[in-house]
Amino acid sequence: MTSFDMLSAPIRKYIYDKGWGSLRPIQEAAIQRIIPTDNNYVLISRTASGKTEAAFLPILSKVNFREQGVKVLYISPLIALINDQFIRVEKLCEYLDVPVTKWHGEAAKGAKEKLLKHPEGIVLITPESLEAMFVNKPYQIKHLFANLEYVVIDEIHSFLGSARGTHLQSLLSRLQNINSRKFCIVGLSATVSDVNRYIELKEFLGDPENTKIIRDKTPKPINAVFRYFASTSPNLSSDLLNDVYVSTKNSKTLIFPNARGRVEEVAVGLKKISDRLGGHQNYFSHHSSVDKEVREYVEFFAKNSSVQNFCISCTSTLELGIDIGNVDEVVQIDATHSIASLIQRVGRSGRREDRASNLFLYATDPWSLLQSVACWLLYQEQYIEPVSVNKKPYDVLLHQTLSIVKAHSGMMFSELLEEICANSSFSRIEKNDIEAIIRHLAKTDLLEKIGNEYIIGIEGEKLVNNKDFYSLFQTPVLFKVSCQGVKIGELPLSSQVRIDENVYLSARIWKIQDIDYETKKIEVIPARDGKKPIFSGDPADTVHKIREKMLEIILSEDQYDFLDAAGHETIRELRKYFSVFEVKNPETDRIVHHGQTNSTFYTFTSSKIHRTLSFMMDSFGIEHQIHDSSSSMSIKSTDGDFAGVLQGIHLDEITIVQMLEQLIQEKPAMLDFSKWAKYLPLRYQAKLLKESYFDFEGCHSFLKNLNFVEN
DNA sequence: GACCTGCTGCGGGCTG
């Protein structure tokens with residue numbers, strides 16, 4: 001039977017009315033598999049290849065919507081994505097007479113109440129709203145979701161390898177718990193690594209044996225152009241901005257400059273050039289600190305601008321599948337930290353099938369150029385970095401224990417233990433560790449034991465009844481910036497935030513007039529000139545493979561035709577500098593350059609291994625400094641034989657945990673990477689730190705095979 | 001220099 005014939009009559013009519021000549025490959029494959037089987041599937045296919053329909057056409061053909069309850073639950077990492085998908089799915093569902101409901105923090109209350117009265121059809125939700133439902137509506141959640149047939153998870157890669165992902169995994173497990181029948185899961189993504197045959201992904205869905213991957217690997221033609229403009233100051237060179245302007249002035253463009261401050265610098269800089277030369281006025285900035293309504297306006301403008309060109313300077317806010325219509329060009333300024341990120345960004349351009357994507361990769365320093373080239377070569381080899389999933393997520397366990405106890409309002413110890421042990425996201429955590437954590441919660445008044453039952457304790461109430469409880473990630477405190485009642489965005493309280501200081505925000509220039517420290521508000525007026533805003537944050541980690549590729553490029557003699565003259569010259573100089581070292585094997589050989597006062601160890605390894613090396617060197621009194629972006633560390637020359645010392649270190653698990661316990665006691669801020677870690681017993685804090693923040697295993701195998709090449 | 005993501009329930013003020 002053809003895929004089209006396998007679909008139900010109303011769905012066939014939908015396709016007919018849409019005027020689709022044929023189904024996309026990923027849609028054909030999904031229909032052939034989803035309709036006749038009850039497996040879980042993950043559909044992997046590039047952006048704009050029709051993944052949403054690939055999931056919903058067969059699911060809607062198959063599901064019996066006449067039964068009680070919500071039948072299909074769609075989970076998305078972003079509210080903006082839910083709002084986009086709602087419009088598409090609702091149109092499709094008009095053919096079936098099936099209601100669709102948005103359920104997130106900004107969705108209409110009326111629609112939610114209607115759903116509670118008549119649970120039916122399809123619900124689109126965020127993980128945090130699902131968590132809130134478990135905590136505040138434990139009875140209604142059964143009423144709503146006890147008859148699910150399908151759960152669809154959009155942008156599933158964005159959840160893998162993070163605490164938010166483990167949280168979602170736990171919620172799925174709890175959802176399955178309240179269902180009498182097994183529901184099927186369909187995940188959607190454009191970027192998933194197939195290292196180890198997708199085992200992380202399959203385990204994430206809780207049923208590895210019955211989870212299949214459907215992947216459309218059809219490549220997409222991309223015209224990549226590298227351009228090198230060295231920056232001599234913290235600001236971008238005017239040559240670079242002028243070049244970007246010329247390359248993008250007649251197109252619909254997205255620019256990714258990697259940091260919010262730089263996003264503003266680029267948006268304002270290009271706007272000024274355009275003003276001077278009489279170009280278009282549609283220069284915008286889009287990142288987490290631009291006011292939400294402003295961002296929505298920018299998205300709306302991009303989506304609905306058929307004739308007018310525009311240029312949006314943005315961070316990863318525009319990396320996922322929010323619908324902004326057709327983009328002709330993507331500009332990346334300095335290297336992405338991952339291949340996955342590069343794929344998502346490239347995927348945003350040339351969404352029309354017949355058009356190739358244009359990609360401009362600018363670099364402002366030699367190391368960034370090198371990493372950029374490494375990412376590009378790995379991308380062409382179809383490599384995507386693996387995600388590291390923490391198998392013992394004690395922090396998520398603690399959070400979910402509070403959530404489960406709150407939902408049950410009173411639970412026997414054995415009952416609680418049983419529910420946690422049955423949760424697939426905690427399957428690698430030993431039973432006695434779970435017991436120890438529950439006892440600790442009772443000891444610290446997060447839980448309270450009354451008779452034979454556990455309830456939420458006095459301290460626990462403060463956490464559970466706070467709106468901050470529903471998420472596993474934390475956000476810094478920012479000051480709201482507005483101009484005469486018009487919201488513009490947010491700024492952190494930095495040294496820059498002073499009266500009369502001028503600053504860029506939302507692609508415009510402002511003068512700070514008033515700062516209210518109580519209400520955390522900043523009042524501004526328009527200004528003519530200013531500086532880029534200062535934001536604080538941690539850079540994302542880069543994996544070992546990218547750094548190793550960088551060394552490979554240095555050792556190779558390949559000439560890359562995608563580089564401009566300045567890029568060629570920069571790579572040539574890097575090769576020349578390292579040519580005095582006799583490096584043969586990029587997998588094992590690493591360079592140490594001994595200078596007069598310092599030695600430089602060119603590690604060419606991951607950010608996590610850098611942190612681990614740094615921790616070990618601190619412990620053994622080797623004075624040093626890590627430079628992650630240039631893949632190196634400088635070491636005081638008096639510590640001459642640090643290489644021998646490092647390779648001589650053999651730390652067993654117990655010693656590492658003891659050392660980390662001490663580190664946490666000396667520097668509690670070490671736990672800032674996790675929102676809930678501070679409520680754990682010290683030993684589990686140390687274990688979590690070891691697994692999530694450091695990489696002792698990777699560091700050990702890196703050091704074991706290491707061959708130091710010195711001058 | 002340095003990414004991103006989400007949010008209940010209730011009360012007060014306003015509109016129709």
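Please read these numbers as outputs of a predicted model, since none were measured by experiment. (Residues numbered from 1 in each chain as written. Chains lettered and ligands numbered in written order. Predicted model: local features only at pLDDT ≥ 70, side-chain atom pairs only at ≥ 80, totals over all residues. Heavy atoms only, no water.)

> With reference to specific residues and values, describe the state of the cysteines.
Throughout the structure, instances matching the rule amount to zero disulfides. Summary of cysteine pairing: Cys314 is not part of a disulfide, and the nearest cysteine sulfur, belonging to Cys311, is at 8.9 Å. No disulfide involves Cys375; its sulfur sits 17 Å from that of Cys314, the nearest cysteine. (Disulfide = S-S within 2.5 Å.)

> So what's going on with helix 22 (residues 607–619)? Which residues, and what values?
For helix 22, with 13 residues, the first-to-last C-alpha span of 19 Å sits near the 18 Å given by 1.5 Å per residue. Counting buried positions over the 13 residues of helix 22 gives 10, a clear majority of the element. Listing the buried residues of helix 22 in full gives Ser607, Lys608, Ile609, His610, Thr612, Leu613, Ser614, Phe615, Met616 and Met617. (Helix = DSSP H or I, 4+ residues; strand = E, 2+ residues; numbered from the N terminus. Expected span 1.5 Å × (residues − 1). Buried < 20%, exposed > 50% of the residue type's maximum accessible area, 1.4 Å probe, protein only.)

> Give a description of the sheet that holds strand 21 (residues 521–526) that names residues and reports values.
Ordered in space as 18-17-21-20-19, the five strands form an open sheet in which the pairing is mixed. The strands lining the two open edges of the sheet, one partner per strand, are strand 18 (486–491) and strand 19 (502–505). Each strand axis lies, on average, 40° off the axis of its neighbour in the sheet, ignoring direction. Against the sheet, helix 12 (residues 260–277) engages strand 19 and strand 20 (508–516), with an angle of about 95° to strand 19. (Pairing = 2+ DSSP bridges. Axes fitted to C-alpha atoms, helices over the stretch in contact; angles between N-to-C directions. Contact = heavy atoms within 4.5 Å.)

> Please give an account of the protein's contact with DNA strand B that cites residues and values.
The environment of DNA strand B is formed by 32 residues, the closest being Thr126, Ser129, Arg295, Lys467 and Thr475. The separation between a sugar or linking oxygen of DNA strand B and a polar side-chain atom of Asn136 is 3.2 Å. The leading source of residues in the surface near DNA strand B is helix 7 (residues 127–136), at four residues. Here the residues of the surface near DNA strand B sort into 10 nonpolar, 14 polar and eight charged. (Near = heavy atom within 4 Å. Polar contact = N/O pair within 3.5 Å; in protein donor to acceptor, adjacent residues only side chain to side chain. Nonpolar A, V, L, I, M, F, W, Y, C, P; charged D, E, K, R; others polar.)

> Let's hear about the nonpolar core: which residues, and what values?
Core analysis: the biggest nonpolar cluster contains 65 residues, and Leu402, Ile438, Phe601, Leu613, Phe642, Leu646 and Leu660 have the highest contact counts within it. Looking at which element gives the most residues to this core, the answer is helix 16 (residues 394–408), with seven residues. If sequence neighbours within four positions are ignored, Phe642 has contacts with Val592, Ser599, Phe601, Met617, Ile622, Ile635 and Phe708. By size, the runner-up hydrophobic cluster in this structure holds 55 residues, among which are Ala302, Leu342, Leu361 and Ala363. (Core = buried A, V, L, I, M, F, W, Y, C linked by side-chain atoms within 4.5 Å.)

> Lay out the packing of helix 24 (residues 653–666) against helix 25 (residues 682–692) with the relevant residues and their values.
For the pair helix 24 and helix 25, interaxial distance at closest approach is 8 Å and the crossing angle is 105°. When the axis of helix 24 is compared with that of helix 25, the two are roughly perpendicular. Judged by residue contacts, Glu653, Ile656, Val657, Leu660, Glu661, Leu663, Ile664 and Gln665 of helix 24 engage Leu682, Arg683, Gln685, Ala686, Lys687, Leu689 and Lys690 from helix 25. Looking at the contact of helix 24 with helix 25 residue by residue, the class counts come to eight nonpolar, two polar and five charged. (Parallel < 35°, antiparallel > 145°, perpendicular 65-115°, else oblique.)

> I'd like a rundown of the pairing of strand 6 (residues 184–189), residues and numbers included.
When you tally the buried positions in strand 6, you get six out of six residues, the bulk of the element. Residues Cys184, Val186 and Leu188 of strand 6 are buried on one face, and the alternating residues Ile185, Gly187 and Ser189, pointing to the opposite face, are buried as well. Inspection of the sheet shows strand 1 (residues 40–44) paired to strand 6 by four bridges, in the parallel sense. Within strand 6, the residue paired with Leu43 across the bridge is Leu188. Alignment of strand 5 (residues 150–153) against strand 6, held across four bridges, turns out to be parallel. Residue pairing for strand 6: Ile153 is matched across the bridge by Gly187. Handedness of the strand 5-helix 9 (residues 163–177)-strand 6 crossover: right-handed. (Right-handed = clockwise from strand over helix to strand, strands pointing away.)

That's the geometry; what it means functionally is another story.
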